[in-house]
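Coordinate inspection notes
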Amino acid sequence: MEKEQPVGLFDSGIGGFTVLKELQRGLPSENAVYLGDSKRMPYGERENAEIIAFANSGIRFLEGKGVKAILLACNTVSSLIDQLESRVPLFSIVEAGCEATLAARNRGAVGLIATTATVKNGAYERLLARRSDRVHYITQGTRTLAKIINNHPYERALLRKNIREAIDPILEKQDVDALLLGCTHFPIVRESIEQMYPELTIINPAERQIASLRAYLAERDLLNDAGGTTEIYTTRNVADEKIITQIIDHIGLKYDVLAQTELDVD
Ligand code: DGL
């Protein structure tokens, strides 16, 4: 491996932009290649076999771009990390989310919203239980929120309704004061969530994921101090989709390439 090789990021759509933002903030001299499989999102409503096949094809694409490590910027994919095939190290956002949870709270219940598949796979609960018997999640899956953020983030009434439907059931079960965003799409609407639920401390795992990557690269003398380029690829037609550039502007990402691509699995 060489320092100059880019860091890969993979998500089912634009959610991983929230991880890319943390990468650009925390490791601004790294080169990055982002792949969002927007054509086939939401992954969170798919069967595991399909998610694994799509994720493996995304990993092959990023390997083809010569990446030195891959940030799985998708909780749904990370919840199946043990079943993925990769020649380069994979960094799980679920693992980062557990670490961020324990950094925020050392006892009691923490709310967790995620996609249906992430909830079904139970990776958050398993990982947390291995590390602590004092903290647990009150988990709620949402079938729609990631898709609405991916496709209609500016439809406020629809967005607020779906945020409410995801978070209220948690608060009805238990009076938590912290909420883990267990889907990388959700930090895109963090401001709306904070306005609607000012009493909740919001936990976004992305910063931790970048800290893990930094530690890994530093240990192997692979930190790049002379790069900083970003290439973004999506499987949907970016030229026709103002929404992608609107979100990029909203998040404040910088990029050098924005292009459509195909993956080797349909
Ligand atoms: N961004 C993905 C995640 O973190 C989920 C979106 C989807 O369902 O495709 O889980």
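You'll find the structure just up there.
First things first, this report covers the structure right here in the doc. Just so we're clear, the structure is a prediction, and the values are computed from it rather than from any experiment.

1. Digging into the site of the ligand
The immediate surroundings of the ligand are formed by 14 residues, with Ser12, Tyr43, Asn75, Thr76 and His185 found nearest. Residue Thr76 places a side-chain N or O atom 2.7 Å away from an oxygen atom belonging to the ligand. Here the ligand has 300 Å² of accessible area as a free molecule, and 99% of this is covered by the chains.

2. Quick look at the nonpolar core
Inside soluble globular proteins, nonpolar side chains tend to come together where they are buried. By size, the foremost hydrophobic cluster in this structure holds 54 residues, and its most contacted members are Phe17 and Leu23. Core analysis: the next-biggest nonpolar cluster, separate from the first, contains 22 residues, Phe10, Tyr43, Val77 and Leu84 among them.

3. Digging into the sheet that holds strand 9 (residues 230–234)
Across the sheet, which stays open at both edges, the six strands sit in the order 4-3-1-2-9-10 with parallel pairing between neighbours. With one partner strand each, in any of the chains shown, strand 4 (90–92) and strand 10 (257–260) form the two edges of the open sheet. The sheet shows a mean angle of 20 degrees between the axes of neighbouring strands, direction not considered. Bridging between strand 1 (residues 7–11) and strand 2 (residues 32–36) involves five bridges; their strand directions are parallel. Bridge pairing in strand 2 links Phe10 to Leu35. Contacting strand 3 (69–72) and strand 4, helix 4 (residues 93–104) runs over the sheet at an angle of about 40 degrees to strand 4.

4. Re helix 8 (residues 156–173)
With 18 residues, helix 8 extends 26 Å between its outermost C-alpha atoms, agreeing within 8% with the 26 Å of an ideal straight helix rising 1.5 Å per residue. At Ile167, helix 8 shows its largest bend, some 30 degrees, and a proline, Pro169, comes one to four positions later. Taken together, the buried positions of helix 8 are Leu159, Asn162, Ile163, Ala166, Ile167 and Ile170. The elements touched by buried residues of helix 8 are strand 5 (108–115), strand 6 (135–142), helix 7 (145–151), strand 7 (178–181) and helix 9 (190–196).

5. Here's the deal with the pairing of strand 9
With respect to burial, strand 9 is a largely interior element, four of its five residues being buried. Strand direction decides the pairing type here: strand 2 and strand 9, joined by five bridges, are parallel. By the bridge assignment, Val33 is partnered in strand 9 with Glu231. In this sheet, strand 10 lies alongside strand 9 in parallel orientation, the contact comprising four bridges. Residue Ile232 lies in a different strand from strand 10, and its bridge partner there is Leu258.

Reading the values: rules and limits
- Residues numbered from 1 in each chain as written.
- Predicted model: local features only at pLDDT ≥ 70, side-chain atom pairs only at ≥ 80, totals over all residues.
- Heavy atoms only, no water.
- Near = heavy atom within 4 Å.
- Polar contact = N/O pair within 3.5 Å; in protein donor to acceptor, adjacent residues only side chain to side chain.
- Areas by Shrake-Rupley, 256 points an atom, 1.4 Å probe, with all protein chains shown as cover.
- Core = buried A, V, L, I, M, F, W, Y, C linked by side-chain atoms within 4.5 Å.
- Buried < 20%, exposed > 50% of the residue type's maximum accessible area, 1.4 Å probe, protein only.
- Pairing = 2+ DSSP bridges.
- Helix = DSSP H or I, 4+ residues; strand = E, 2+ residues; numbered from the N terminus.
- Axes fitted to C-alpha atoms, helices over the stretch in contact; angles between N-to-C directions.
- Contact = heavy atoms within 4.5 Å.
- Expected span 1.5 Å × (residues − 1).
- Bend = angle between axes of the 7 residues up to and from the residue.

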